[in-house]
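Spelled out from the first residue to the last, the chains are:
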Amino acid sequence: MRIALDGVTVRLGGRTILSDIAFSAEPGRFVGILGPNGSGKSTLLRTMYRAVRPAAGSVRIGELDVWSAHRRDVARTVAVMTQDSSTEFDFTALEVVLLGRVPFQRGFGRDSASDLEFARAALEQARASEFADRPLADLSGGQRQRVLLARALAAQTPVVLLDEPTNHLDIAFQLELMRLASTLDRTVIAALHDLNLAAGYCDAVVVLHQGRVVAAGPPSILTPALVREVFGVHAERFTHPRSGAPVLAFGHEDPAPREEESRFQCANE
Amino acid sequence: MCTVTAPPTTRSSTTARRRDEIVGRAPRRPGTALLLGCLAGAVLALLVVSAATGTVPVTLGDASRLVAGHLLPGLPWMSDGSLTPLQDQAVWQFRLPRALLAGLAGAGLALAGAIMQAIVRNPLAEPYILGVSSGASVGAVLVIVLGSAAVGGLTLGAAAFVGALAASIAVALVARRRGSLSPTRMVLSGVALGSLFSAITSYLTITTDAQNVVSVLFFLLGSVSAATMPTLIAPAIALVVAGIHVGLRSRAMNALLTGDESATALGLHVSRLRGELLLSSALLTGAIVSVSGGIGFVGLVVPHVARILVGSDHRRMLPVAVLGGAAFLMLADLLARTVAAPTEIPLGILTALVGAPFFLWLMHRDSAAQAGLER
């Protein structure tokens, strides 16, 4: 489904977190939301699953206006891989994944065969089947991320939102997750920290800075000038020899701090 | 408005889902149905044993016949003189109401505890955490100390119920912030207001006549000895209403346990759900406290034991907690009136004496580690 944000403005506690955000994502695309800490990436995602109400603007998913539709209908359209998951209580991985089916269930009864089918398939997709019956709290950070990804996939929604999905993951599963996200036949929007991962796998990126969209388009818009403006660091840009994707190498403006260098020289003498 | 229009990259036609390995079996721990059956059996057995236990001798068989005779019309032994009026009175007017109230209170407090733990997402919460019991105590102690005329003619039970409800409402209002109820604020408000209510109770107790102090202590420690059939009505209704409500919300409660953010993403109105559940558990706790006083321990520990046995899924855990709470408190009451007979041990003391070692033993078993008690 197509996602379109128009004029989205969010104020929390008197501070403006997002101002006048407008972008759209075409059906089936994988869009990365980039930006430094505090630039509003997570908040932007939260406006799309009814966790933060914008002071102005609209969020539309297909025909659905997220903020005037029923919250259940939104939950049936958008699945989220959130960053938080409490482990005070002992749910097994499979039980957690089955919670992804809650928007489609009613009443007290058991989970239906199709709910279980979707949950098991999602666990398989996220390569989490082997620890399906273990308590979530016993799993490592990376395994837990897989389970939370599986929960989002189990909902079978046309839109999937990923909030910093590669946190706690080793490099192999980071790549695996990004490939999975880019091959899903659903619209995927992910808040990401790693510019190179975004450049390698996203169909498009949206760059936020201080609550505003400063650039949006294909990953090739990630230029050293943009990186300097938004992140305040120096970047060299290369081209990946095999995929052709842009690759950025980061550093200080001035790579060798002079003062430290002279101190080392003194020590060597 | 900047529209993202990157050319679509090559993508595989669809997801690589492997449907051949899909299993259509529910992840149900096999023991749940069996456990529920055993607990229901235990509740019935305890009811009969309680009815047959006391100073007036009544055999187990006679106790069963008396109960059946009151429930079903026209049974021969009720009119053929084989059972004395004294036996009938002992069973139907004293022992049975008492055992039933113990069962209702145990079930209700366990359910209220489980609800409260889900509301504040903390397994250490108990039904009284939001000032419910200290509010009830203020109401009850006011009636004992100043007389019922001073509180608008309310009976002790009614005053306790009003106190319990008023306390929960006060806590919810204080904890509310920008229309949302956060677990941490609820616990802190509950603890603060609870201390305030306790101070009022203590002041009233210390300044009243000596003969009132015993009544106050009797209420604070909790007891089911004053039970009559009419006193069972309010707790029974509260238990049924709360049970149905929570049954319908059990999936939502599961989602709530994973965090507010993910519960919101699953389509729940988290604050409304919390308010709803809070009301349910406050009504339930208030209805029980008003007839049985503050019986501690059940609401904290029984839900825990239920989780250790069948996991955290409320659809399995709530029925186990309700039946388990009933059986536990009925057993505790049976012991309370027999182990030191003719002296009765206050129920609240016994629940802790019996329950604490049992709970500690469970905690040391392997399954407790899986239930998260080692973290």
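For the structure, check the block above.
From a predicted model like this one, the values you see are computed outputs, not experimental measurements. (Residues numbered from 1 in each chain as written. Chains lettered and ligands numbered in written order. Predicted model: local features only at pLDDT ≥ 70, side-chain atom pairs only at ≥ 80, totals over all residues. Heavy atoms only, no water.)

Asker: Got a sec to walk through the layout of surface pockets? Specific residues and values, please.
Answerer: Here the largest pocket defines a volume of roughly 740 Å³. In this structure, the largest pocket is lined by 23 residues; those nearest its centre are R46 and A51 of chain A together with R178, S180 and S271 of chain B. When grouped by side-chain class, the residues that make up the lining of the largest pocket number 7 nonpolar, 7 polar and 9 charged. (1 Å grid on protein atoms, 1.4 Å probe; cavity = no way out; pocket = protein on both sides within 12 Å on 5 of 7 lines; lining within 4 Å. Points joined across faces, edges and corners; volume = space filled by probe spheres on them. Nonpolar A, V, L, I, M, F, W, Y, C, P; charged D, E, K, R; others polar.)

Asker: Before we move on, could you go through helix α5 (residues 156-175) of chain B and cite the residues and values that matter?
Answerer: An α-helix turns once per 3.6 residues; consequently, residues spaced three or four apart project the same way. All names here are of chain B. A rise of 1.5 Å per residue sets the reference length of α5, with its 20 residues, at 28 Å; its end C-alpha atoms lie 28 Å apart and thus fit the reference within 8%. What α5 keeps buried is the set A159, A160, G163, A164, L165, A167, S168, V171, A172 and A175. Contacts from the buried residues of α5 go to α4 (132-146), β2 (176-177), β3 (180-181), α6 (183-207), α7 (210-221) and α11 (270-292). (Helix = DSSP H or I, 4+ residues; strand = E, 2+ residues; numbered from the N terminus. Expected span 1.5 Å × (residues − 1). Buried < 20%, exposed > 50% of the residue type's maximum accessible area, 1.4 Å probe, protein only. Contact = heavy atoms within 4.5 Å.)

Asker: Go over the sheet that holds strand β7 (residues 159-163) of chain A with me, naming the residues and quoting the values.
Answerer: Residues and elements named next belong to chain A. The 6 strands are arranged β6-β7-β8-β3-β9-β10 in an open sheet whose pairing can be described as mixed. Because the sheet does not close on itself, it has two edges, and the strands there are β6 (78-81) and β10 (212-217). Between one strand axis and the next, the sheet turns by 15 degrees as a mean value, whatever way the strands run. With 5 bridges connecting them, β7 and strand β8 (residues 187-191) associate as parallel partners. (Pairing = 2+ DSSP bridges. Axes fitted to C-alpha atoms, helices over the stretch in contact; angles between N-to-C directions.)

Asker: Tell me about the packing of aromatic side chains, and please be specific about residues and values.
Answerer: Residue and element names in this part refer to chain A. A full pass over the atoms with the stated rule returns 0 aromatic pairs over all chains. Its guanidinium or amino end placed over the ring of F104, R101 lies 4.5 Å from that ring's centre, counting from NZ or CZ. It is R146 that lies over the ring of F173; its NZ or CZ is 3.6 Å from the centre. (Phe/Tyr/Trp six-rings, centres within 6.5 Å; stacked < 30°, edge-to-face > 60°. Lys NZ or Arg CZ within 6 Å of the ring centre and 35° of its normal.)

Asker: Give me a nonpolar patch on the surface: which residues, what numbers.
Answerer: Residue and element names in this part refer to chain B. Together, L217, L220, L221, I349, L353 and V354 make up a nonpolar patch on the protein surface, roughly 460 Å² of accessible area in all. If you list the elements that add at least two residues to the nonpolar patch, you get α7 and α14 (347-364). Looking at the secondary structure, you find V354 in helix α14. Taking the relative accessible area as the measure of exposure, V354 reaches 31% and is therefore partly exposed. (Patch = residues over 30% accessible without salt bridge, like charges linked within 9 Å, V, L, I, M, F, W, Y side chains within 5 Å. Areas by Shrake-Rupley, 256 points an atom, 1.4 Å probe, with all protein chains shown as cover. Salt bridge = Lys/Arg side-chain N within 4 Å of Asp/Glu carboxyl O.)

Asker: Run through helix α2 (residues 60-71) of chain B, naming residues and quoting values.
Answerer: Residues and elements named next belong to chain B. Given a rise of 1.5 Å per residue, 12 residues ought to cover 16 Å, and the 17 Å separating the end C-alpha atoms of α2 matches this to within 8%. Of all the residues in α2, the buried ones are D62, A63, L66, V67 and G69. Summarising the axial view, the buried residues of α2 lie within an arc of 160 degrees, below the 170-degree limit, and thus occupy one face. Residues of α2 that are buried in the fold lie against α1 (31-52) and α3 (85-119). (Arc of directions from axis to C-beta.)

Asker: Run through the environment of D73 of chain A, naming residues and quoting values.
Answerer: Residue and element names in this part refer to chain A. The residue D73 is located in helix α2 (residues 71-75) in this model. According to the relative accessible area criterion, D73 is partly exposed, its value standing at 36%. A C-alpha to C-alpha distance of 27 Å links D73 and A204, two positions 131 residues apart in sequence.

Asker: How would you summarise unusual backbone geometry if you had to cite specific residues and measurements?
Answerer: With a phi angle near 70 degrees, H168 of chain A is a residue other than glycine that sits in the positive phi range. Considering the arrangement of structural elements, one finds H168 of chain A in the loop between β7 and α6 (171-183). Of the residues examined, H168 of chain A reaches a relative accessible area of 64% and is grouped as exposed. In this model, R121 of chain B sits at a positive phi of 50 degrees, which is unusual for a non-glycine residue. Relative to the elements of secondary structure, R121 of chain B occurs in the loop between α3 and α4. A residue is classified by how much of its surface remains accessible, and R121 of chain B, at 18% relative accessible area, is buried.

Asker: Explain the pairing of strand β2 (residues 15-25) of chain A to me, using residue names and the numbers behind them.
Answerer: In terms of residue burial, β2 of chain A counts as a mostly covered element, since 8 of its 11 residues are buried. If you look at the hairpin formed by strand β1 (residues 3-12) of chain A and β2 of chain A, you'll find 2 residues sitting between the two strands, and G13 of chain A has a positive phi there, around 55 degrees.

Asker: Give me the side chain of S50 of chain B: which residues, what numbers.
Answerer: Note that S50 of chain B resides in helix α1. Leave out the neighbours within four places in its chain, and S50 of chain B touches R95, A99, L334 and R337 of chain B.

Asker: Which residues make up the nonpolar core, and what values go with them?
Answerer: Ranked by size, the top nonpolar core spans 149 residues in total, and within it V147, L149 and L162 of chain A carry the most contacts. It is α3 of chain B that contributes the most residues to this core, 18 residues altogether. Sequence-distant contacts of L162 of chain A, defined by excluding residues within four places in its chain, comprise L45, M81, L149, L177, A181, V188, I189, A190 and A191 of chain A. Core analysis: the second largest hydrophobic core is formed by 33 residues, V10, F23, M48 and V206 of chain A among them. (Core = buried A, V, L, I, M, F, W, Y, C linked by side-chain atoms within 4.5 Å.)

Remember that the coordinates give geometry; whether it matters functionally is a separate question.
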